[in-house]
Protein chains: 2
Amino acid sequence: MNRVAIAGVGLIGGSFALGLRKAGFLGELTGISSPSTIQAAIARGVITRGTTLEEAAASADVIYLAQPIDQILRTLERLGPIAHSGCLITDAGSTKSLIDAKANECLRFATFLGGHPLAGKEQRGVEHADGDLFRHRPYVLTPSSKPSAIAEQLRKWLTQMGASIVDMTPQHHDKTVALTSHLPQLLSTTLAISLAHSGEDSVTRIFGPGLIDMTRLALSTPDLWTSILETNRPSVLEALRLFQNELSQVVTLFESGDITQLFATAADFSRKIRKA
Amino acid sequence: MNRVAIAGVGLIGGSFALGLRKAGFLGELTGISSPSTIQAAIARGVITRGTTLEEAAASADVIYLAQPIDQILRTLERLGPIAHSGCLITDAGSTKSLIDAKANECLRFATFLGGHPLAGKEQRGVEHADGDLFRHRPYVLTPSSKPSAIAEQLRKWLTQMGASIVDMTPQHHDKTVALTSHLPQLLSTTLAISLAHSGEDSVTRIFGPGLIDMTRLALSTPDLWTSILETNRPSVLEALRLFQNELSQVVTLFESGDITQLFATAADFSRKIRKA
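Computed from a prediction, not measured in an experiment: that's the story for all the values here. Throughout this description, residue numbers start from 1 for each chain and increase along the sequence as written. All chains are assigned letters beginning at A, and all ligands numbers beginning at 1, according to the order in which they are written. Local features in a predicted model are, by the rule used here, given only for residues with pLDDT of at least 70; side-chain atom pairs are given and counted only at 80 or more, and totals for whole chains, interfaces and linings are based on all residues. The side-chain values count all of the structure's non-hydrogen atoms but skip hydrogen atoms and water molecules.

Draft legend 1. Local environment of the sheet that holds strand S4 (residues 62-65) of chain B. All names here are of chain B. By definition, two strands form a pair when at least two bridges between them are found by DSSP. Helix numbers and strand numbers start at the N terminus; a helix is a DSSP run of H or I with at least 4 residues, a strand a run of E with at least 2. A sheet is described by the order of its strands in space; here eight strands give the open sequence S3-S2-S1-S4-S5-S6-S7-S8, paired in mixed fashion. Two strands lie at the open edges of the sheet, namely strand S3 (49-50) and strand S8 (164-167), each paired on one side alone. Pairing geometry for S4 and strand S5 (residues 88-91), over four bridges, is parallel. Opposite Leu 65, over in S5, you have Asp 91 as the bridge partner.

Draft legend 2. Structural detail: the sheet that holds strand S1 (residues 3-7) of chain A. Taken together, eight strands build an open sheet; the order of strands is S3-S2-S1-S4-S5-S6-S7-S8 (chain A) and the sheet is mixed. The sheet is open, and its two edges are formed by strand S3 (49-50) and strand S8 (164-167) of chain A, each paired on a single side.

Draft legend 3. Structural detail: the interface of chain B and chain A. Contacts are residue-level and defined by heavy atoms, with any inter-residue pair within 4.5 Å sufficient. Every contact between the two is made by 85 residues of chain B and, on the other side, 85 residues of chain A. Where chain B abuts chain A, roughly 8300 Å² becomes buried across the two surfaces, and 73% of that area is made up of carbon and sulfur atoms. The term buried area means the drop in 1.4 Å probe accessible area that two parts suffer when joined, counted for both and summed. The three residues of chain B that bury the most area against chain A are Ile206(B), Phe254(B) and Phe263(B), which together make up 10% of that side's buried surface. Any Lys or Arg side-chain nitrogen located within 4 Å of an Asp or Glu carboxyl oxygen qualifies as a salt bridge. Where chain B meets chain A, there are six salt bridges. Linking Lys175(A) and Glu200(B) is a salt bridge whose minimum nitrogen-to-oxygen distance equals 3.7 Å. The definition of a polar contact used here is a pair of N or O atoms within 3.5 Å, where within protein one atom must be able to donate a hydrogen and the other to accept one, and adjacent residues in sequence count solely through side-chain atom pairs. In this structure, the connection of chain B to chain A is made through 26 residue pairs in polar contact (both at pLDDT 80 or more). Among the elements that take part in the side of chain B that touches chain A, helix H7 (residues 170-196) of chain B stands out by supplying 20 residues, more than any other. Each residue is assigned to one of three groups, with Ala, Val, Leu, Ile, Met, Phe, Trp, Tyr, Cys and Pro labelled nonpolar, Asp, Glu, Lys and Arg labelled charged, and all others, Gly among them, labelled polar. Here the side of chain B that touches chain A is built from residues that sort into 46 nonpolar, 25 polar and 14 charged.

As structure tokens, then:
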């Protein structure tokens, strides 16, 4: 693994590049992004130069797709007939089933290894890229083809960056993040909408730090989320229905019973994920 | 306002005392709590000595009730026949209607001014008390009797501590915090329960920072929350039903429509409360 091309040099793509350098990677790092992003990425030392998808398809050992999901799907279509047989294509998209299916359908010569770093920041863009962004964070890989030497090298570099690699099927990944990421996002969004629609002006003034926590995800812009949610619709709907059922039970219990045990179960789970 | 007695010298009661001192209060500060808490509070310089409710009822200018709600209700019953006519009793309970009704029913001589500082920390106890806890935070007061000189002095001291006083009726307060505090608490709790009940072991490992935000309130212990929720049942149920309706609409829209506008509404609200 000597020539790495990054498509979409934003927070994630830039952090992958900086992480590689920090871990001792001495090969070439090129980027495929808008001219202004390429300029900013070169200035920050994230990549050495800009390139084209065609050049990367012809000569890169690894192409890292760190674009929004809809763009990843389009890039895979373009790479399909041109990415050479020694090339490993990997991605950092937040859902995996559709991307994996698209890769298997399109790529004629290159191999594919889907990925999803469970890491992020509120700020986006290469100017916030951080070589330690993946450190101590889960990094899901969804292998669907045979292991290859180049895929092993990618795993080695991710481990050296401090990421905790977890292998899952694309379907299991998508079911899991529907529960741990997409459901919380929609609840935060729906909470903010509920308060906005409550008709009580005082809700914008009389609140504590808890509401700030619970509406942080609601600040998310729809551009990324629309394609995340739409490419995981069945699992997200299942997670929403699970929550709706649990909430109905909480309401029933609150109307007439004792909710002490609910708080204990919830606190147990919340402590458990903080130890993970 | 020279003699202030604090019943319940924990995070809130201790922070009120430290805030008074920081604002220049030179009067006496006494505390009513367990012997170990009194000792810790004296050691931290929060109060000068322990006292009894009977002594406070006979001689304090202000009695500040910073206990859990169920204890505040019992303390008001005890103070009813003994608190002298020059005494102002105020509280820091998270719901106001029942406390205000109880005070008006019980207090024969003393006057009452309900309060609720919208401030807090994850840690409890006098050892985490902080003279700046109320600074730049809303402090709701729910006056239900005529203004008095001593109530005006309390307002002046709260202002000097940096608190932003907001006057509301107890009912309006309770309706508002049902939406901004009690609903978020129950959603966080229900989210944690949903994930615990999902049957997916992977949910304890594969998650990003968003789940940590969304389950922070779920760490709350039931001891305080049971009495908060039970003393605000009608407004909490109304808030839950509002949320359930909004969530049903989100689900319907997600099944078949475009959720872009929902994200925009939610982000607008979330930005608004961050500017408040």
